[in-house]
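Coordinates in review
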Amino acid sequence: MRLLVRDLAQLATPADGGVVLRRRAELAAVDVLENAFVLCNDGLIELVGEMRGLPRLDGDVEELDARGLCALPGLVDCHTHPAWGGDRVAEFSLRAAGATYEELHASGGGILSTVNATRALGRDGLRERVARHRGWMLRHGTTTWEGKSGYGLDRDTELESLGAVRAAGGSPTWLGAHAVPPESADADAYLDFALTEVLPHAARLADAADVFLERGAFDAGQARRYLEACRVAGLALRLHGDQFTEGGAIPLAVELGARSVDHLEATGADGIGALAASDVVGVLLPASALFLDRPMPPARALVDAGAAIALATDFNPGSSFTTSLPLICSLACTQLHLSPAEALTAVTVNAAHVLGAADRVGRVARGLAADLVLLEAPDWRYLAYQLAGDIVAAVVKDGRLAYRR
């Protein structure tokens, strides 16, 4: 099928820089076309240009009138937790009254409070829940996404969570080291189980593995053991790190060649320098910092030092209950002091790198996936300017209209 998206007020895309991570000035390099079109064919972009240069098209072509709209690449959410049951609204109320995230986790709340509800969902319940959350992402312009397990912490629920993410079109990450479940004596005993009983199966379902390296979860030695086993099994490596304390996540990520280390709210000067000298992407999660009333990650310092960054929602029931990447871009500009152009690249090209997908998605260019977000706005910078994130008019996925408001 051919789809012509025509008469766009603007089309904005990160500039062509090859399949490389964008840093420093390249992070802010965005090409803008006025009065543009995009021609999609068989799921790929066939042609991009100004309307005055649109050639005559033979054969059947479906047309999408985009007058007054702006087009961007489909957004890429490289850090989400979509597979969970129940909710954490009671915990939200306790935090509003003064309880901290770490206090709730230590008392059996937080991640562990979601485990029982998630285990109770079963295969069909997990698939329904992940599909619902995937629909929320699509309505906010997300066309490519990662989804983690980590709320089962047993064999069956972890594997069903990964299968649910894959079935809904996401890139599954085995977050087998998210927390220590109540039936395990300690973190080392749990890792014995996870690496023996779960990893052989998870490695056939997942694209990557992740670990929560933090006080009260897993320390650097335990994270190393987990990640090294996952690397041998063929999984790409990710880390939750420096959310509350600097526990060695960045040096470990650099040493093991991880794709990313995510959070970084507690990262200091040494960590910034280490990331800048590496190809590990710092994935920044400003909604989580806002939701937990924590310091924001040092985004400006990371970019100015030459580190590669991406932005993501961290969608989860306890610390970042949002699927809106437009909201994340607003926070990036107002709280992290990034420009709209830097924010756009961080939720497209660089986020695609984290998922190993930068050769397919993240830009609007001939031969790449025909994934587009159409904004109901006269200027592409409304992506970040509209604070509520209620700006997406339509979404094209694989050359087909997938959502229209």
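Every chain's residues receive numbers from 1 upward, in the order its sequence appears when written. Per-residue local features of the predicted model are confined to residues with pLDDT of at least 70, and side-chain atom pairs are confined, for both listing and counting, to 80 or more; whole-chain, interface and lining totals are unaffected and use all residues. Note that water and hydrogens are dropped before the side-chain values are worked out from all heavy atoms of the structure.

Across its full length, the chain holds 15 helices and 16 strands. Rg of the C-alpha trace for the chain: 21 Å, near the compact-globule value of 22 Å for 405 residues, within the 12% margin. Principal-axis analysis of the C-alpha atoms places the extent of the chain at approximately 70 × 45 × 45 Å. Accessible area is worked out with a 1.4 Å probe on protein chains only. A residue is then buried under 20% of its type maximum, exposed over 50%, and partly exposed in between. Residue burial in the chain is summarised as follows: out of 405 residues, 59% are buried. Contacts spanning at least 24 positions in sequence make up 73% of the contacts within the chain whose residues lie at least 6 apart. Every accessible area reported is derived by Shrake-Rupley at a probe size of 1.4 Å, with residue values counting cover from the shown protein chains alone. When the accessible surface of the chain is totalled, it reaches about 15000 Å², and 50% of it is carbon and sulfur. Between the averaged position of the 37 positive side-chain charges in the chain and that of its 52 negative side-chain charges there is a distance of 4 Å. Only DSSP runs of H or I with at least four residues qualify as helices, and only runs of E with at least two residues qualify as strands; both kinds are numbered from the N terminus onward. The size measure is the radius of gyration over C-alpha atoms, and the globule rule it meets is 2.2 Å times the number of residues to the 0.38 power. In what follows, a contact means two residues having at least one pair of non-hydrogen atoms within 4.5 Å. Charge counting follows a simple rule: Lys and Arg are positive, Asp and Glu are negative, and His as well as the terminal groups are ignored. Charged groups are reduced to one reference atom each: NZ for lysine, CZ for arginine, CG for aspartic acid, CD for glutamic acid.

Despite not being glycine, Arg24 shows a phi value in the positive range, around 40 degrees. Tracing the sequence through the fold places Arg24 in helix 1 (residues 24–27). Relative accessible area serves as the criterion here: at 46%, Arg24 is assigned to the partly exposed category. At His263, a position not held by glycine, the phi torsion is positive, near 110 degrees. Looking at the secondary structure, you find His263 in strand 11 (residues 260–263). What makes His263 buried here is its relative accessible area of 2%.

Once that is clear, we can look at the environment of Leu374. Among the secondary structure elements, Leu374 is positioned in strand 14 (residues 372–375). Residues in contact with Leu374, not counting those within four places in the same chain, are Val5, Leu8, Leu64, Leu69, Cys70, Ala71, Ile391, Val392, Ala393 and Ala394.

A side-chain nitrogen of Lys or Arg and a carboxyl oxygen of Asp or Glu constitute a salt bridge if their distance falls within 4 Å. In this structure the tally under the stated criterion is 30 salt bridges. As a salt-bridge pair, Lys148 and Glu146 come within 2.6 Å of each other at their nearest N and O atoms. Residue classification places Glu146 among the buried positions, given a relative accessible area of 0%. A salt bridge links Asp192 to Arg225; the nearest nitrogen and oxygen atoms lie 2.3 Å apart. A residue pair is termed long-range when its members are at least 10 positions apart, and Asp192 in helix 6 (residues 187–205) and Arg225 in helix 7 (residues 220–232) qualify at 33 residues. Residue classification places Asp192 among the partly exposed residues on the basis of a relative accessible area of 42%.

Moving on: the sheet that holds strand 12 (residues 281–284). Judged by pairing direction, the sheet is parallel, and its eight strands sit side by side in the order 6-7-8-9-10-11-12-13 without closing on themselves. The sheet terminates laterally at strand 6 (75–77) and strand 13 (309–311), the two strands that pair on one side only. Averaged over all pairs of adjacent strands, the angle between their axes in this sheet comes to 25 degrees, without regard to strand direction. For helices, the fitted line uses only the C-alpha atoms of the stretch in contact; every axis is such a line through C-alpha atoms, and the angle between N-to-C directions lies from 0 to 180 degrees. Relative to strand 10 (residues 236–241), helix 8 (residues 249–256) is tilted by about 170 degrees, and along the sheet it contacts strand 9 (208–213), strand 10 and strand 11. Paired strands, as defined in this entry, are two strands with at least two bridges between them according to DSSP.

The terminal C-alpha atoms of helix 7, which comprises 13 residues, lie 18 Å apart, in line with the 18 Å expected from a rise of 1.5 Å per residue. If you check which residues of helix 7 are buried, you get Gln222, Ala223, Tyr226, Leu227 and Cys230. Here the buried residues of helix 7 occupy an arc of 125 degrees about the axis, which is enough to place them on one side. As used in this structure description, the phrase polar contact means that two N or O atoms lie within 3.5 Å; if the pair is within protein, one of them must be able to donate a hydrogen and the other to accept it, and residues adjacent in sequence are counted only when both atoms belong to side chains. At the N-terminal end of helix 7, a side-chain oxygen is found 3.1 Å from the backbone nitrogen of Gly221, two or three residues along, and the residue is Asp219. Under the convention used throughout, the expected extent of a helix is 1.5 Å for every residue step, that is, one less than its residue count. For this quantity, the arc is that covered by the directions from the helix axis to the C-beta atoms.

Bringing the pairing of strand 16 (residues 400–404) into the picture now. Bridge count for strand 15 (residues 392–397) against strand 16 is four bridges, and the pairing is antiparallel. Looking at the pairing, Val396 lines up with Leu401 of strand 16.

With that settled, the discussion passes to the packing of helix 7 against helix 8. Across the interface, helix 7 lies against helix 8 with an axial gap of 11 Å and an inter-helix angle of 25 degrees. In terms of axis orientation, helix 7 runs roughly parallel to helix 8. As helix 7 packs across helix 8, the resulting crossing turns out to be right-handed. On the side of helix 7, the interface is formed by Ala220, Ala223, Arg224, Leu227, Glu228 and Arg231, while helix 8 contributes Leu252, Glu255 and Leu256. Oblique is the label for any angle not covered by the other classes, which are roughly parallel (under 35 degrees), roughly antiparallel (over 145) and roughly perpendicular (65 to 115). Two helices that cross are described as forming a left-handed crossing if the nearer one is turned anticlockwise from the farther one by less than a right angle, and a right-handed crossing if clockwise.

So, on to helix 5 (residues 155–167). In this model, helix 5 (13 residues) spans 18 Å end to end at C-alpha, consistent with the 18 Å of a helix rising 1.5 Å per residue. Looking at the buried side of helix 5, the elements it contacts are helix 4 (111–139), strand 7 (142–148), strand 8 (171–177) and helix 6. At the exit of helix 5 stands Gly169, carrying a positive phi of roughly 95 degrees.

This part takes up the side chain of Thr13. As for its placement among the helices and strands, Thr13 is situated in strand 1 (residues 2–14). Judged by its relative accessible area of 5%, Thr13 falls in the buried class. Here the side chain of Thr13 touches Val364 through a polar contact of 2.9 Å, landing on its backbone nitrogen. Non-local contacts of Thr13, meaning those with residues more than four positions away in its chain, are made with Ala29, Val30, Asp31, Pro73, Arg363 and Val364.

Attention now moves to the packing of helix 5 against helix 6. The relative placement of two packed helices is expressed as an angle between their axes plus a distance between the axes. At their nearest, the axes of helix 5 and helix 6 sit 10 Å apart, and the two run at 20 degrees to each other. Taken together, the axes of helix 5 and helix 6 lie roughly parallel to each other. Once helix 5 is placed against helix 6, the crossing between them reads as right-handed. Between helix 5, through Arg155, Glu158, Leu159, Leu162 and Arg166, and helix 6, the contact on the second element is made entirely by Phe193, Glu197, Val198, His201, Ala202 and Leu205. Its residues placed into classes, the contact of helix 5 with helix 6 shows six nonpolar, one polar and four charged. By the convention adopted, Pro, Cys, Tyr, Trp, Phe, Met, Ile, Leu, Val and Ala count as nonpolar, Lys, Arg, Asp and Glu as charged, and the other residues, Gly among them, as polar.

Don't take any of this as a statement about function, it's just geometry.
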